[in-house]
Amino acid sequence: MYFPTAGIECNPFVPFAVALGISFFTSMGGISGAFLLLPFQMSVLGYTNPSVSATNQFFNVLACPSGVWRYWHEGRLVWPLAFTIALGTLPGVFIGAIVRINLLPNPQSFKIFAGLVLLYIGGRMAITTWQGRASLWSRKEKKENMPTCEDKNGRLMCCHVLYWNMKEVAFVFQETKYVVATRALVLLSLVVGLVGGIYGIGGGAIMAPFLVSFFGLPVYVVAGSTLFATFVTSVAGVSFYALLAPFYPDMAVAPDWRMGVLVGLGGMCGMYAGARCQKFVPSIALKALLTAVLLFTAVRYLGQGF
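To start, this report covers the structure provided alongside it. In this text the structure is predicted, and so the values were computed from the model without any measurement.

A few words now on the overall build of the protein chain. Looking only at helices and strands, the protein chain has 10 helices and 6 strands in total. For the protein chain, buried positions account for 57% of its 306 residues. Within the protein chain, counting contacts between residues at least 6 apart in sequence, those at least 24 apart form 79% of the total.

Quick look at a nonpolar patch on the surface now. A cluster of nonpolar residues, Phe83, Leu87 and Trp164, forms a patch on the protein surface that exposes about 330 Å² of accessible area. Take Leu87: it is sitting in helix α4 (residues 79-102). Judged by its relative accessible area of 61%, Leu87 is exposed.

Let us now look at the pattern of salt bridges. Applying the stated rule across the entire model yields 3 salt bridges. Across the pair Glu74 and Arg76 runs a salt bridge whose closest N-O atoms are separated by 2.4 Å. Within this structure, Arg70, Glu74, Arg76 and Lys279 form a network of salt bridges that share partners.

Turning our eyes to something else, we now look at the nonpolar core. By size, the foremost hydrophobic cluster in this structure holds 72 residues, and its most contacted members are Phe59, Leu185, Leu211, Phe215 and Leu217. Here the element with the most residues in this core is helix α8 (residues 219-244); it accounts for 8 residues. In this view, Phe59 contacts Ala19, Ser23, Ser32, Gly33, Ala34, Leu37, Gly260, Val263, Gly264, Gly267 and Met271; residues no more than four positions away in its chain are not counted. Counting residues in each nonpolar core, the second largest holds 7 residues, with Tyr241, Leu244, Ala245 and Val253 among its members.

With that settled, consider the packing of helix α2 (residues 34-44) against helix α3 (residues 51-73). Two elements in contact, α2 and α3, have axes whose closest approach is 10 Å; the angle formed by their N-to-C orientations is 140°. Here α3 runs oblique to α2, going by the angle between their axes. Crossing of α2 against α3: the hand is right-handed. Taking contact as the criterion, the partners of Ala34, Phe35, Leu37, Leu38, Gln41 and Met42 in α2 are, on α3, Val52, Thr55, Asn56, Phe59 and Asn60. Looking at the contact of α2 with α3, its residues break down into 7 nonpolar, 4 polar and no charged.

Our next topic: the environment of Ala126. Examined against the element boundaries, Ala126 turns out to sit in helix α5 (residues 107-131). Considering only alpha carbons, one finds Ala126 and Ala292, 166 residues apart in sequence, at a separation of 8.4 Å.

Quick look at α3 now. Here α3 contains 23 residues, and its C-alpha end-to-end distance of 34 Å stays within 8% of the 33 Å for a straight helix at 1.5 Å per residue. The sharpest bend along α3 measures roughly 40° and falls at Ala63, with the proline Pro65 sitting one to four residues further on. Buried residues dominate α3, accounting for 18 of its 23 residues.

If you walk through the whole model with that rule in mind, you get 8 aromatic pairs. Measuring from ring centre to ring centre gives 4.9 Å for Phe24 and Phe25, while their planes differ by 80°; the resulting arrangement is edge-to-face. Judged by its relative accessible area of 47%, Phe25 is partly exposed. Ring centres of Trp69 and Tyr272 lie 6.3 Å apart, and the angle between their planes is 20°; on these two criteria the pair is classed as stacked.

We now examine the pairing of strand β6 (residues 176-181). Most of β6 is tucked away, with 5 of its 6 residues classed as buried. Pairing geometry for strand β5 (residues 168-173) and β6, over 6 bridges, is antiparallel. Bridging from a neighbouring strand, Phe173 pairs with Thr176 of β6. Between β5 and the antiparallel strand that follows it, β6, lie 2 residues; Gln174 among them carries a positive phi value of about 50°.

Okay, the side chain of Gln278 next. Assignment of secondary structure puts Gln278 in the loop between α9 (257-277) and α10 (283-305). Within the structure, the side chain of Gln278 is placed 2.2 Å from the side chain of Arg76, a separation counted as a polar contact. Setting aside its immediate chain neighbours within four residues, Gln278 contacts Met28, Tyr71, Arg76, Val219, Tyr220, Ala223 and Leu286.

Scoring rules and cut-offs
Residues numbered from 1 in each chain as written. Predicted model: local features only at pLDDT ≥ 70, side-chain atom pairs only at ≥ 80, totals over all residues. Heavy atoms only, no water. Helix = DSSP H or I, 4+ residues; strand = E, 2+ residues; numbered from the N terminus. Buried < 20%, exposed > 50% of the residue type's maximum accessible area, 1.4 Å probe, protein only. Contact = heavy atoms within 4.5 Å. Patch = residues over 30% accessible without salt bridge, like charges linked within 9 Å, V, L, I, M, F, W, Y side chains within 5 Å. Areas by Shrake-Rupley, 256 points an atom, 1.4 Å probe, with all protein chains shown as cover. Salt bridge = Lys/Arg side-chain N within 4 Å of Asp/Glu carboxyl O. Core = buried A, V, L, I, M, F, W, Y, C linked by side-chain atoms within 4.5 Å. Axes fitted to C-alpha atoms, helices over the stretch in contact; angles between N-to-C directions. Parallel < 35°, antiparallel > 145°, perpendicular 65-115°, else oblique. Left-handed = near helix turned anticlockwise from the far one by under 90°. Nonpolar A, V, L, I, M, F, W, Y, C, P; charged D, E, K, R; others polar. Expected span 1.5 Å × (residues − 1). Bend = angle between axes of the 7 residues up to and from the residue. Phe/Tyr/Trp six-rings, centres within 6.5 Å; stacked < 30°, edge-to-face > 60°. Pairing = 2+ DSSP bridges. Polar contact = N/O pair within 3.5 Å; in protein donor to acceptor, adjacent residues only side chain to side chain.

Interpretation in functional terms is not warranted from these geometric data alone.
Shown next, in the form of structure tokens:
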């Protein structure tokens, strides 16, 4: 099949299958998989023009809802956390799209930028996972008589929101109370949105490790919120790229809709399955997975960029 905007030709089953496999594993950590799908499109399929970022975000638009619905169905979606992240990320996505088109259109420069960002996140994730260090931006309190909810195997999985205001977001998970500073969360989301808008990943691949390592939140809770925020910001990102396309007639800016549909459908299947299986995977394994894929991708990009 020929993909006109991408300017490439490939078997349509290949991007579908790759998107399904990537999203199955990454969705367990609250990541859509777009940050891994991007190097596959650029390095394997040869899709290197700026529209690859918009196509990647269109993948998020189609793929994320199935994972979000599964986490919500299981009572593990903290809506105040999800909305705060989404609202903080949106402005950065718009700025990031402009930066990507005007300052980082060259694939080599883009790979260096992406590699440095992912290297920092992966390094931070590795350190905090190894040391088990709690965040300065959140508090955890072990309480008796907290509201609880068990899955069919007797494990506590449901979240209960206590309150949400301009200062803090508080919720209970597995008999532990978590309190997150709202302003710090919004500020971090703004920066993540900027980087995510440039990279074309919606921000979830950056936000999830930060929430786990900096804020000390459990990965079982983070996953649904970051996927929801990724979906919201990706809708905005795709729309913005489409609006900008007429102003850059000599450059491919808008998504390749054919490629986007194929990878989006694959991601939709993978995310639903990943969200359903996540609660059966140990937390330390999920953190190790996040760390490994981040560092691998960072080293690969930096090697290609330099």
